[in-house]
Amino acid sequence: MIKKSYPLLLILLFIGTSVFGKRMYVGPKENYKSITSALEAAKNADSIFVLKGIYQEKNIIMDKSVALIGINYPILDGQGLYEILSIKAPNVTVSGFEIIRCGISSIRDMAAIKVYDTHHVKIINNHIKKAFFGIYLQYSKNCQIQNNVITAKGITEQESGNGIHCWNSSYLQIINNKISGHRDGIYFEFVTHSKIVKNHSFKNMRYGLHFMFSNNDTYEGNRFTENGAGVAVMFSNHVNMFHNYFEKSWGDAAYGILLKEIAEGKIMYNHFSSNTMGVYMEGATNIQMKHNLFEKNGWALKVQASCQNITIEENNFLANTFDVSTNGTLFLSNFQHNYWDKYDGYDLDKNHLGDIPYRPISLFSVILEKNPTTLIMFRSFIAVLLDKTEKNLPSLTPEQLKDEHPRMKPIKWI
Amino acid sequence: MYKIIKHIMADILRNKVILSYTLLLAIASFSIFALEDTSSKGILSMLNVLLMVVPLFSLIFSTIYIYNSSEFIELLLSQPIPRKTIWRSLYFGLSIAMSLAFFLGSGIWILVFQADYLGFMLLLIGLLLTLGFSSIAFLTALLAKDKAKGIGISIFSWLFFAIIYDGIILFLLFQFSDYPIEKLMIFISFLNPIDLARILLLMQLDVSALMGYTGAIFKDFFGTQMGIIISYLCLIMWILVPFKISENIFAKKDL
């Protein structure tokens, strides 16, 4: 990843330095011994190069539009007490640092890098370790957070912050970061028109990615593995979720995606593998789910009765313990042309669509919803018998919940 | 003892019923693995064969065999051989032949199509169930002198373990759904070899679903090394205990 970023660094060097401002060097043997002193002397559009070393400078406040560039990953140490970098000016670039031991406070949200009320900030190629909050943005616009590695060893949800925390911001780009061990990997609250692309968020305590009140955002090509839950999208609308990979969200309240009070979302080309629950929806409206792959999940989909107008079409459901589950008898959503590996219908007219409907809810999953302990009876002869009876004479499962013409073969998409 | 075992094995392996059982298992297993489009579906169908057909056949074939060889047993009793030796050789001869039939019928296909931990587990559980239900048959065959009655008892015991027991548990689960009975359920499942086998395989097949809250309690037990060892020991107990009881009865029985 470091290799990949060389061209980018070079570009930054040219744009940031030779064209606009002068270059300054910070290091044990250079003119400036500390970053703070270099910042004091700097003017807008200057570049400050920091050589390898350990810098313990309490809180560094960046209030000028400069580029702060680390060479060979100099270490900024917050000694477990301070917020390390506070960015308060627009057009700031921070890249190539190892930032460790930021302070922990339950009153102030201390972060390794915090961006205050500004715009066009770039935070690139940094390694942030043992931070409370990793990167924190508030009231910021057009910022770019790219290729950072953010790791923490949080013990409890209360004692750890989020990897990338964005609050009241817009037009952000969060690309190719690796985040682990935080409370939420990436947290969005009141963030709009932003993109989250190709990040890997894993082993976070709560969610890999968390949306609250954030509209018109897209996340794409991310991997979420072994988080408390993969992604939680709450109280938001127009969120697009494409090409993501959700894996091993295991636990009682563990989901690949948790949708709560969502409208107008699109969930496409995602891959859900080995989660306790693939997608859980509550109070969702107008959601389109297409071309997703659900594989080896405990429950592929849990659609609560409070959802309406969910279109679930052309998805593949393979080797899930239960395909669909719901909590009521009313179901206002629509299944169309999905492939279900449990379907045992036929296709007489050879149009690759089954001629009889598939009912993805088994009686046993309804029973399980009412009495979870019955899980121990799963796959017993009596459970199979109940399911077969229900399939022929549906009485307890929602009548409308069916795929009229399921696919006979798995759907292939590009 | 070995002579008797050898004789009985040779006798059973020549039996047309056991040959057709082997053939049936072979055809069923092959078609299950070859025709299902995903191997996980194949495993599930295999599970049904394992939990239904294997116990049923083991029970009924063993029971009938004991009744049919009553004259042979009487002949052996007239020889200077201890009763327990006769009974044991009868069991070993029968169970080795049955296990062989299961291995040749299903085992080979399992190993061909699913040569991993899960496949190995299917094979082992199949063998343990074969042995366990043969041993239950040895007990039921001694309970009644009349052949028809004996077969009736063994069919009923299959019905009980395969269906009725689960029905009762499901009923109780709903009756006591307000109480924390998860731990009790673990104990109850030990009382039925078919359930025990099913749960052991469930832990492998549906691991994601079992990570939920209630599932986690079962997973914490059956998913741990200790739990798995205890479960297998318990399956072995289901072989030893009924056989030991039947042996004691046979030793004292007035034939």
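Residues numbered from 1 in each chain as written. Chains lettered and ligands numbered in written order. Predicted model: local features only at pLDDT ≥ 70, side-chain atom pairs only at ≥ 80, totals over all residues.

**Focus on the overall build of chain A**
- Helix and strand content of chain A: 4 helices and 39 strands.
- Across its three principal directions, the C-alpha atoms of chain A cover 85 × 40 × 30 Å.
- Taken over 414 residues, chain A has a buried fraction of 50%.
- Within chain A, counting contacts between residues at least 6 apart in sequence, those at least 24 apart form 46% of the total. (Helix = DSSP H or I, 4+ residues; strand = E, 2+ residues; numbered from the N terminus. Buried ≥ 20, exposed ≤ 12 C-beta atoms within 10 Å, placed from the backbone. Contact = placed C-beta atoms within 7 Å.)

**Quick word on the overall build of chain B**
- From N to C terminus, chain B includes 11 helices and 0 strands.
- Relative to its length of 255 residues, chain B is compact, with a C-alpha radius of gyration of 19 Å against a globular reference of 18 Å.
- Along the three orthogonal principal directions, the C-alpha set of chain B runs to about 60 × 45 × 30 Å.
- Considering chain B as a whole, with its 255 residues, one finds that 40% of them fall into the buried category.
- A fraction of 78% describes how many contacts in chain B between residues 6 or more apart in sequence connect residues 24 or more apart. (Rg over C-alpha atoms; globule rule 2.2 N^0.38 Å.)

**Details of the UniProt feature "transmembrane region" (unreviewed entry) in chain B**
All names here are of chain B.
- Mapped onto the present numbering, the UniProt feature "transmembrane region" (unreviewed entry) falls at residues 12-35, 47-68, 89-112, 118-143, 155-176 and 226-245.
- End C-alpha to end C-alpha, residues 12-35 measures 32 Å, and it is 92% helix and 0% strand.
- Taken end to end, residues 118-143 has its terminal C-alpha atoms 37 Å apart, with 100% of it in helix and 0% in strand. (UniProt positions renumbered as here; feature names shortened; annotations may be inferred.)

**Some thoughts on the interface of chain B and chain A**
- Facing 32 residues of chain B, the contacting portion of chain A comprises 28 residues.
- Residue assignment for the side of chain B that touches chain A shows that the elements contributing at least two residues are α3 (39-68), α7 (147-175), α8 (182-189), α9 (193-205) and α10 (213-222) of chain B.
- The element contributing the most residues to the side of chain B that touches chain A is α7(B), with 8 residues.
- Residue composition of the side of chain B that touches chain A, by class: 17 nonpolar, 9 polar and 6 charged. (Nonpolar A, V, L, I, M, F, W, Y, C, P; charged D, E, K, R; others polar.)

**Overview of the environment of A:Y116**
Residues and elements named next belong to chain A.
- Its location among the elements puts Y116 in strand β10 (residues 111-116).
- Taking the C-alpha atoms as reference, Y116 lies 9.5 Å from P90; in sequence the two are 26 residues apart.
- Setting aside residues no more than four positions away along its own chain, Y116 makes contact with S86, I87, K88 and Q138.

**A short note on the packing of helix α1 (residues 2-13) of chain B against helix α5 (residues 83-113) of chain B**
Residue and element names in this part refer to chain B.
- At a minimum axis separation of 8 Å, α1 and α5 run at an interaxial angle of 40°. Relative to α5, α1 is oriented oblique. The handedness of the crossing between α1 and α5 comes out as right-handed. Where α1 abuts α5, its residues I4, I5, I8, M9, I12 and L13 lie against I86, S89, L90, F92, G93, L94, I96 and A97.
- In terms of residue class, the contact of α1 with α5 is built from 12 nonpolar, 2 polar and no charged. (Axes fitted to C-alpha atoms, helices over the stretch in contact; angles between N-to-C directions. Parallel < 35°, antiparallel > 145°, perpendicular 65-115°, else oblique. Left-handed = near helix turned anticlockwise from the far one by under 90°.)

**Description of unusual backbone geometry**
All names here are of chain A.
- Backbone geometry at Y73 places phi at a positive 50°, although glycine is not the residue there.
- Mapped onto the elements, Y73 comes out in the loop between β5 (67-70) and β6 (75-77).
- Phi at S274 takes a positive value of approximately 55°, unusual for a residue other than glycine.
- Position of S274 relative to the elements: it lies in the loop between β30 (271-273) and β31 (277-282).
- Look at S274 and you get buried, because 22 C-beta atoms sit within 10 Å.

**Quick notes on the sheet that holds strand β4 (residues 60-62) of chain A**
Residues and elements named next belong to chain A.
- Taken in spatial order, the 12 strands make up an open sheet running β4-β7-β10-β13-β16-β19-β22-β25-β28-β31-β34-β37, and their pairing is parallel. A strand with exactly one partner marks an edge of an open sheet, and here the two such strands are β4 and β37 (322-325). Neighbour-to-neighbour, the strand axes of the sheet open up by a mean angle of 10°, direction not taken into account.
- Here β31 runs beside strand β34 (residues 299-303); their pairing, made up of 4 bridges, is parallel. Residue pairing for β34: Y280 is matched across the bridge by K302. (Pairing = 2+ DSSP bridges.)

**Brief notes about the nonpolar core**
- Counting residues in each nonpolar core, the largest one holds 181 residues, and the members touching the most others are A:I48, A:A111, A:A112, A:I113 and A:L259.
- At 12 residues, helix α6 (residues 117-143) of chain B tops the list of elements feeding residues into this core.
- Ignoring any residue separated from it by four or fewer positions in sequence, one finds A:I48 in contact with A:M24, A:V26, A:I35, A:A38, A:L39, A:A42, A:V66, A:A67, A:L68 and A:I69. (Core = buried A, V, L, I, M, F, W, Y, C linked by C-beta atoms within 7 Å.)

**A look at the pairing of β34(A)**
Residues and elements named next belong to chain A.
- Here β34 lies mainly inside the structure; 5 of its 5 residues are buried.
- Looking at chain direction, β34 and β37 are connected through 3 bridges and run parallel. Considered in β37, the bridge of L301 is made with V324.

**Observations regarding the packing of α6(B) against helix α11 (residues 225-252) of chain B**
Residue and element names in this part refer to chain B.
- Between α6 and α11, the shortest axis-to-axis distance is 8 Å and the interhelical angle comes to 25°. With respect to their mutual orientation, α6 and α11 come out roughly parallel. Crossing handedness for the pair α6 and α11: left-handed. On α11, the residues that touch L128, L131, G132, S135, I136, F138, L139 and L142 of α6 are L235, I236, W238, I239, P242, F243, I245, S246, I249 and F250.
- Residue classes in the contact of α6 with α11 are distributed as 15 nonpolar, 3 polar and no charged.

**Quick notes on the environment of B:F161**
Residue and element names in this part refer to chain B.
- Among the secondary structure elements, F161 is positioned in helix α7.
- Along the backbone, F161 and N192 are 31 residues apart, and their C-alpha atoms lie at a distance of 6.2 Å.
- With near-sequence residues (within four places) excluded, F161 lies in contact with P55, N192, P193 and I194.

**A short note on the confidence of the model for chain B**
- Per-chain confidence: chain B averages 88 in pLDDT, with 98% of residues scoring 70 or above.
- Scored as a complex, the prediction yields pTM 0.83 and ipTM 0.80. (pLDDT = per-residue confidence, 0-100.)

**Observations concerning the environment of A:V384**
- Within the fold, A:V384 resides in helix α4 (residues 381-392).
- Considered as a pair, A:V384 and A:Y207 are 177 residues apart in the sequence and their alpha carbons are 35 Å apart.

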